[in-house]
Amino acid sequence: QYHPGHVRNPDFLNKLEFWQATGQVRYDSFATYGSVMQRRSQAFAGLGDSFALFSRTAEGYGELRQTLKGFTPGKTDTLSYLTCDREAMESNRYKEKAYRLDFELKGAKIKRNTLFTDPRFSKGKRVKDGKHPCINQRFVVFTAEKPELELIFHNKAAEPGEKIALNHVSVRPFFDNI
């Protein structure tokens, strides 16, 4: 199965259902975030427009968690997710930055952890046109050690005042020999 269903409500279409939120995290949405800013194909209107919003204040941070089920211990899978600066979404300004929304995956051994900052390209050249915010994609290769894993997102290391959007949380099989 390409989408084995480990993550429930991965795009926050049902707000924070199936997620446990504490501290400075809440549901939010922004029209065209999925279709225009993330360039996602639209199976239906609004796909990708909803997200969990993490706010970092001097007083605290946000944390979001979910128990993921159905893993085969010893099998390798991938975790990926997208993040973006909420204020850059509103202002349509390009802000290339590695957003500090970190994760923990309890019950798994991390084999590779890569962060991609999304440069925009047009006709083969990098464009900073101010029309789209920078989207970060985290890509993690891991091996499950147990049938259930605890996925935790937090913004402890973010700068005070930073608001980071999270969506498109995906866990899929890892195919090494393609």
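Described in the following lines is the structure provided in the data block. Remember, predicted model here, so these are calculated numbers, not experimental data. (Residues numbered from 1 in each chain as written. Predicted model: local features only at pLDDT ≥ 70, side-chain atom pairs only at ≥ 80, totals over all residues. Heavy atoms only, no water.)

Things to note about the nonpolar core
What tends to happen in soluble globular proteins is that the nonpolar side chains get buried as a cluster.
Then step 1. Among the nonpolar cores identified, the biggest contains 29 residues, and Leu64, Leu79, Phe153, Leu166 and Val169 are the most heavily contacted of them.
Then step 2. Elements with a contribution of two residues or more to this core: strand 3 (50-55), strand 4 (62-69), strand 5 (76-85), strand 6 (102-106), strand 10 (135-144), strand 11 (148-154) and strand 12 (163-173).
Then step 3. With near-sequence residues (within four places) excluded, leucine 79 lies in contact with Phe103, Arg138, Phe139, Val140, Phe142, Leu151, Val169, Ser170 and Val171.
Then step 4. Core analysis: the second largest hydrophobic core is formed by eight residues, Tyr33, Phe51, Cys84 and Ile135 among them. (Core = buried A, V, L, I, M, F, W, Y, C linked by side-chain atoms within 4.5 Å. Buried < 20%, exposed > 50% of the residue type's maximum accessible area, 1.4 Å probe, protein only. Helix = DSSP H or I, 4+ residues; strand = E, 2+ residues; numbered from the N terminus. Contact = heavy atoms within 4.5 Å.)

Here's the deal with unusual backbone geometry
Then step 1. In the Ramachandran plot, phenylalanine 12 falls in the positive-phi region, its phi being about 60° despite a non-glycine side chain.
Then step 2. Relative to the helices and strands, phenylalanine 12 resides in the segment before strand 1 (20-23).
Then step 3. The phi dihedral of histidine 168 is positive, around 55°, even though this residue is not glycine.

Function cannot be read off these values alone, since they describe shape.
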